[in-house]
Amino acid sequence: MDPLQTPIEYLKGVGPSRANLLKQELNLHTFQDLLHFFPHRYIDRSTFYKIKDLPRNSSEVQIKGEIIKTEMIQQKRGKRLVATFDDGENNMELVWFRGHQWIKESIKLNKSYVIFGRLNWYGNRPNMPHPEMETLENFDKGFSKTLQAVYPSTEKLLNKGISQRVIIKMMGELLHSIKNPFVETLPEDLIAKYQLIHKNEALINIHFPQDQTRLTAAQNRLKYEELFFIQLQLLMKNLQRKQKIKGFVFEKVGDHFNNFFSNNLPFELTEAQKRVIREIRKDIGNGQQMNRLLQGDVGSGKTIVALMVMLIAADNGFQSCLMAPTEILAKQHFNSLKSMIGDLDISIGLLTGSSKKAERSQLSEQLESGELDVLIGTHAVIEDKVLFKNIGLAVVDEQHRFGVAQRAKLWRKNTIPPHVLVMTATPIPRTLAMSVYGDLDISVIDELPPGRKKVKTIHRYDSNRLKVFKFIADEIQKGRQIYMVYPLIKESEKMDYKDLMDGYESISRAFPPPQYQISIVHGQMPAKDKDYEMHRFIKKQTQIMVATTVIEVGVNVPNASVMVIESAERFGLSQLHQLRGRVGRGNDQSYCILMSSHKLTREAKTRLETMTATTDGFQIAEVDLKLRGPGDLMGTQQSGVLQLKIADIIKDNHWLKIARSDAQELLREDPRLDAHKNIPLRQTLAKMKAYQNIWNYIS
Ligand code: ADP
Ligand code: MG
């Protein structure tokens, strides 16, 4: 057996109870796990301070000296042990609040020690609580006198005596006990290409760096390796999927599509829309299952692309479904597709959580008999009881709201998995897309329909509200409509609800009936009331729509030209961008007004500045990624693959790109990794399969 697969309890000094803790707290089970449990930072153990030169802050410092006396001091609550530490010129106090007895007994007076820890200052007097201590003798014999690893840990581990020292000792033990050097995992040509250090040296130096240069080399090597294997696996998975997973062949473009194209197309398609339709056409005609992500900024016209692909499905005798994240959006899709389809011979149904039982059973019948061509709806459409006669295509709109598991459910809807098109208006930076969605092909609509004016975005403080109201009144005077959005971080939060209602009242006072009519929509309303209010707005019966973020996604009212976002500092960037996308859909100049208080965190400031500076969704996504980190951006379900051990998708972006293109090139040359030089890759992948499960996020 591979010695690295040895359970951790067999490591000297660990044993069953510590092993259990390590499993529970850090998910470390084997030697292999421990070896790849990397420090999250390093502390400098090469510099010694004199007490008189100590920095007057709470930094971590290291001092050489002797303990000249110890004293137990009784306090109100328990005791504390105080030792006087002398560096030959000055002295300071070391303090312990726990474990006194043991420490007192182990301290040897008048012996040279190296102490290390965080400083505490009382006026001019420094002290150091719970220092790490080592006799100078031991320190000199020790592993690291330069940079010392600090590992991620937990309170519980610390309380149970598994301190940093213990972890470091375990690491030392582990590196000693593994006799064979670690097998190289990368082919020599790649190692040579970037002058990487070998695996063995990298592992030793990541835990016990000899100096900064070697630490950096070790980090680079391990980051590259980590990213490279992720990319390699994603790309291989993609290759395999293409080879293995048969898809329906939509070979022809028939009457439905052609009639629509020549009679019903409401406008000329943009070049980007045409290109994307061609890309999809190719995908669905080649006998393999399509798994494609369609990215396009808000308002770029993804819906019609979806419709035209669904028409192709119908031309080939297949049913389609279109899933939207909210009921409002599903209904809107239903209505707009219905009107675009006009008198074409395509039947289309709507299924949401609030569909009545009778409607449901009628829909079911039509679906199973094949009478219905297109089903539009919310999550309801992927419930197990919804059965199609012959589904060939599933379109998922605003994909980031759908879990991957739900995507996977689609696959069970027919004998062969339907083609899947996921559409997102949250542009994902390419580099992230390629690590998270390496298993999807990507199409991008990078062009807005002609004639769109850029939405003018301004930031105003709450104190300027009257001016904003005046501006709103002027726009209404011109016949425009207004959105006013309030944050509802959690739809149940009373405070937010109150904000919304207060806002509604003050707007009602500023814009009184009968001259003004106001709609209100929020998550706590029954669906039919929401509908009614939306409808009034769409019909221009109301001029102002006061709403929570339920309108965030997809709602399309071209006559609305002003989006006022209240407490804009509380929204995330992608949400702000989505909201802004609700205006600028018609031919009029549109505005987005970000209202905030004066109190802004630095991050909030950056968000608001970014919004006023650019309307480019991709640029915004890049900033968002930097601010929030990838896991958050993608939602937890998808972040599995991003739980990297050492690389950082953002900071190590250049490595990611390099790793991806290397993996691509390698697979082009040697798709099955047969070449002799690629033996290490084959072996490593085989091992990874055995004990890693990073693929559970893929269906
Ligand atoms: P999104 O990509 O955000 O889903 P939609 O599909 O809702 O965008 O389209 C936004 C608006 O642009 C809709 O009113 C739609 O009818 C219109 N539209 C889409 N494509 C074009 C085009 N090629 N020319 C003009 N208008 C278009
Ligand atoms: Mg849309």
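Residue positions are counted from 1 within each chain, in the order its sequence is given. Whichever chain is written first becomes A and whichever ligand is written first becomes 1, with later ones labelled in order. In keeping with the predicted nature of the model, local features appear solely for residues at pLDDT of at least 70, side-chain atom pairs appear and are counted solely at 80 or more, and the whole-chain, interface and lining totals rest on all residues. The side-chain figures draw on all heavy atoms in the structure; neither hydrogens nor water molecules are used.

Our focus in this paragraph is the layout of surface pockets. Taken as a whole, the largest pocket holds about 1,600 Å³ of empty space. Contributing to the lining of the largest pocket are 39 residues, with His130, Pro131, Glu132, Ser163 and Arg165 lying nearest its centre. At the level of secondary structure, the elements contributing two or more residues to the lining of the largest pocket comprise β1 (41-44), α3 (100-106), β5 (112-118), β8 (132-135), β9 (147-150), α5 (155-159) and α6 (164-177). Taken together, the residues of the lining of the largest pocket sort by class into 16 nonpolar, 13 polar and ten charged. Points on a 1 Å grid over protein atoms alone make up a cavity when a 1.4 Å probe fits among them but cannot get out, and a pocket when they form an open set with protein on both sides within 12 Å along at least five of seven lines; lining residues each have an atom within 4 Å of a point. Grid points are joined across faces, edges and corners, and a volume is the space filled by probe spheres set on the points. Counting from the N terminus, the helices are the DSSP runs of H or I reaching at least four residues and the strands are the DSSP runs of E reaching at least two. Residue type decides the class: Asp, Glu, Lys and Arg count as charged, Ala, Val, Leu, Ile, Met, Phe, Trp, Tyr, Cys and Pro as nonpolar, and the leftover types, Gly among them, as polar.

Let's shift gears to the pairing of strand β22 (residues 591-596). With six of six residues buried, β22 is to be regarded as a mostly interior element. Neither face of β22 is left uncovered, since the one carrying Tyr591, Ile593 and Met595 and the one carrying Cys592, Leu594 and Ser596 both have all their residues buried. In the sheet, strand β17 (residues 456-461) pairs with β22 via six bridges, with the strands oriented parallel. Considered in β22, the bridge of Ile458 is made with Ile593. Taken together, the four bridges between strand β21 (residues 560-565) and β22 define a ladder with parallel strand orientation. Within β22, the position partnered with Ile565 by the bridge is Leu594. Consider the strands pointing away from the viewer: the crossover is right-handed when the path from the first strand over the helix to the second runs clockwise. Assessed by its sense of winding, the connection that carries the chain from β21 through helix α20 (residues 573-580) to β22 is right-handed. For each residue, the accessible area found with a 1.4 Å probe, counting protein chains only, is set against the maximum for its type, and the residue is called buried under 20%, exposed over 50%, and partly exposed in between. Only when DSSP finds a minimum of two bridges between them are two strands counted as paired.

Near is defined per residue: the residue qualifies when any heavy atom it owns lies within 4 Å of the molecule or strand. The environment of ligand 1 is formed by 16 residues, the closest being Gln273, Gly299, Lys302, Thr303 and Arg452. What qualifies as a polar contact is a pair of N or O atoms within 3.5 Å, subject to a donor-acceptor requirement within protein and to the restriction that residues adjacent in sequence count only when both atoms come from side chains. The side chain of Gln273 places a nitrogen or oxygen atom 2.8 Å from a nitrogen atom of ligand 1. At 3.1 Å, a backbone N or O of Gly301 approaches an oxygen atom of ligand 1. Note on areas: Shrake-Rupley with a 1.4 Å probe; residue coverage comes only from the protein chains shown. Across the complex, the protein chains shield 83% of the 570 Å² of accessible surface that ligand 1 would expose by itself. For the shell around ligand 1, the residue count by class is four nonpolar, seven polar and five charged.

Time to look at the pattern of salt bridges. Each reported salt bridge corresponds to a side-chain nitrogen of Lys or Arg within 4 Å of a carboxyl oxygen of Asp or Glu. With the rule as written, the count across this model stands at 35 salt bridges. A salt bridge links Arg292 to Glu279; the nearest nitrogen and oxygen atoms lie 3.8 Å apart. Taken together, the residues span a long stretch of sequence, with Arg292 in strand β10 (residues 291-296) and Glu279 in helix α11 (residues 271-285) at a distance of 13 residues. Residue Lys470 pairs with Asp474 through a salt bridge whose shortest N-O separation is 3.1 Å. One end of the pair, Lys470, and the other, Asp474, are both in helix α17 (residues 465-477), four residues apart, so they sit about a helical turn from each other.

Below, the discussion takes up the sheet that holds β21. Taken in spatial order, the six strands line up as β17-β22-β21-β18-β20-β19 in an open sheet, and their pairing is parallel. Unpaired on one side and paired on the other, β17 and β19 (518-521) mark the two borders of the sheet. Strand-to-strand twist in this sheet, taken as the mean axis angle between neighbours without regard to direction, amounts to 20 degrees. Across four bridges, the pairing between strand β18 (residues 481-485) and strand β20 (residues 544-547) is parallel. Bridging from a neighbouring strand, Met484 pairs with Val546 of β20. Each of β17, β18, β20, β21 and β22 is contacted by α17, which is oriented at about 160 degrees to β22, the strand it contacts most. By the convention used here, residues are in contact when the closest approach between their heavy atoms is within 4.5 Å. Angular values range over 0 to 180 degrees, each being the angle between N-to-C directions of two axes fitted as lines to C-alpha atoms, with helices fitted over their stretch in contact. With respect to the sheet, helix α19 (residues 527-538) is in contact with β18, β19, β20 and β21, its orientation differing from that of β19 by roughly 145 degrees.

Here strand β3 (residues 79-86) runs beside strand β4 (residues 91-96); their pairing, made up of six bridges, is antiparallel. Bridging across to β4, Leu81 finds its partner in Trp96. Linking β3 back to β4 in an antiparallel pair, the connection comprises four residues, with Gly88 at a positive phi of about 100 degrees. Where β4 and strand β7 (residues 125-129) come together, three bridges link them in parallel fashion. The residue of β7 that forms the bridge with Val95 is Pro129.

Attention shifts here to α20. Most of α20 is tucked away: six of the eight residues are buried. Those residues of α20 lying buried are Leu573, Leu576, His577, Gln578, Leu579 and Arg580. Considering only its buried residues, α20 is in contact with β17, β18, β21, β22, α21 (602-613) and α22 (617-628).

Further remarks concern the confidence of the model for the protein. If pLDDT is low for a region, its predicted coordinates should not be looked at in detail. Here the protein averages 87 in pLDDT, and 90% of its residues register 70 or above. pLDDT gives the predictor's per-residue confidence on a scale running from 0 to 100. Model confidence for the protein, summarised as mean pLDDT per element, is weakest for helix α23 (residues 630-634) at 49 and strongest for β22 at 97. Ignoring residues within four places in sequence, the model shows residues 632-641, a span with pLDDT below 50, making 22 contacts including any to other chains. Overall, residues 692-699 carries pLDDT values under 50, and its contacts beyond four positions in sequence, including any with other chains, amount to 14 contacts.

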